Amino acid sequence: MRLGLHALGIGAGAMPEVVASVAGAAEHCGFATLWAGEHVVMVDQPTSRYPYAADGRIAVPADADWLDPWVCLSFAAAATTTIGIATGVLLLPEHNPVVTAKQAASLDRMSGGRLRLGIGVGWSRDEFAALDVPFERRAARTREYVAAIRALWNSDVTSFSGEFVTFSALRVYPKPSRPIPVIVGGNSDAAMRRVASWGDGWYGFYLAEVDAVAERIRLLRELCREAGRSLEDLSLTVALTDPRPEDVAQLQNLGIDELVLVGAPPPDAVEAARWVASLADQWVPLLG
């Protein structure tokens, strides 16, 4: 099982010197992947419930710095040579899929084939309204956008006709270094159906405990069977709200490929590197 780090792009993790320090230290200390999430806007009084906290409120202050994940991960990739990079997650229905295909392929090429595209459907009605994107049917929009993006990656001259996006005889270069895995984020039953239907993997975010992971894996295995797919063909990544060393063996037994640690680095670059090293000292030896 690999170890990932979800610590870039927000607050102190948005400072350039901290991004470079955390990325370099994570690569040196044995982390497999750097994850960066996204919100284009935040609001002081949200009308939507945050699905990854018991109280329904996101812990990030509305006035915190939050980097665009493409910029953040490009900066991190330039400071490293081997560690994987992943959007965790990009809110895909908020973005033009043709532009997203180009951005992802560009970063994959510039990083030497290190990108995984983690995507989600989004939860904030306020954010969709600010971007003038319909909140309703965002899941259907996401599925179609993924199909369009894959078509653009896989063909030199691409045409696509759908409900939400249509284009004819386009050339979009560069192409990715290799097929970029599309990792579907979310913990709901609907998210599990998306993973089983068309995802290359799952990113379960901020699950409360290993038992919750096990229950989601059982459902995902059944949904894969119904879709004519095998769970073993998917990459499985999870982040826990309060991970414990004893969780590692249980997650490995469940077939989890990557455990992501979520945290906020200190604002000093030297201290940030030490913070990463302390996490690695605690967790890397447990993964074998």
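Every value quoted in this text rests on a predicted model; they were computed, and no experiment measured them. (Residues numbered from 1 in each chain as written. Predicted model: local features only at pLDDT ≥ 70, side-chain atom pairs only at ≥ 80, totals over all residues. Heavy atoms only, no water.)

Considering the packing of helix H3 (residues 97–110) against helix H5 (residues 138–154)
Think of two packed helices as two axes; the pair is described by the angle between the axes and how far apart they sit.
Inference 1: Where H3 contacts H5, the axes come no closer than 9 Å and their chain directions differ by 50 degrees. When the axis of H3 is compared with that of H5, the two are oblique. Both H3 and H5 take part in a crossing whose hand is right-handed. The residues of H5 that touch H3, namely those facing Pro97, Val98, Thr100, Ala101, Ala104 and Ala105, are Tyr145, Ile149, Leu152 and Trp153.
Inference 2: Residues that form the contact of H3 with H5 fall into these classes: nine nonpolar, one polar and no charged. (Axes fitted to C-alpha atoms, helices over the stretch in contact; angles between N-to-C directions. Helix = DSSP H or I, 4+ residues; strand = E, 2+ residues; numbered from the N terminus. Parallel < 35°, antiparallel > 145°, perpendicular 65-115°, else oblique. Left-handed = near helix turned anticlockwise from the far one by under 90°. Contact = heavy atoms within 4.5 Å. Nonpolar A, V, L, I, M, F, W, Y, C, P; charged D, E, K, R; others polar.)

A short note on the pairing of strand E1 (residues 2–6)
Inference 1: Of all five residues in E1, four are buried, a share of seventy percent or more.
Inference 2: Bridging between E1 and strand E11 (residues 258–262) involves five bridges; their strand directions are parallel. Looking across to E11, one finds that His6 is bridged to Val262.
Inference 3: Where E1 and strand E2 (residues 33–36) come together, three bridges link them in parallel fashion. When the sheet's bridge partners are listed, His6 is paired in E2 with Trp35.
Inference 4: Assessed by its sense of winding, the connection that carries the chain from E1 through helix H1 (residues 16–29) to E2 is right-handed. (Buried < 20%, exposed > 50% of the residue type's maximum accessible area, 1.4 Å probe, protein only. Pairing = 2+ DSSP bridges. Right-handed = clockwise from strand over helix to strand, strands pointing away.)

Details of the environment of Gly118
Inference 1: Residue position: Gly118 is located in strand E5 (residues 115–120).
Inference 2: With relative accessibility at 1%, the residue Gly118 sits in the buried group.
Inference 3: Taking the C-alpha atoms as reference points, Gly118 and Glu226, separated by 108 residues in sequence, lie 23 Å from one another.
Inference 4: In this view, Gly118 contacts Thr87, Val89, Leu90 and Ile183; residues no more than four positions away in its chain are not counted.

Digging into unusual backbone geometry
Inference 1: Of the consecutive residues Gly88 and Val89, the connecting peptide bond is found in the cis state with omega at 0 degrees.
Inference 2: Mapped onto the secondary structure, Val89 falls in the loop between strand E3 (84–87) and strand E4 (90–91).
Inference 3: A cis amide bond, omega 5 degrees, links Tyr173 with the succeeding residue Pro174.
Inference 4: Locating Pro174 in the fold gives a position in the loop between strand E7 (166–170) and strand E8 (182–185).
Inference 5: Phi at Tyr206 is positive, roughly 55 degrees, even though this residue is not glycine.
Inference 6: In this fold, Tyr206 is placed in strand E9 (residues 201–207).

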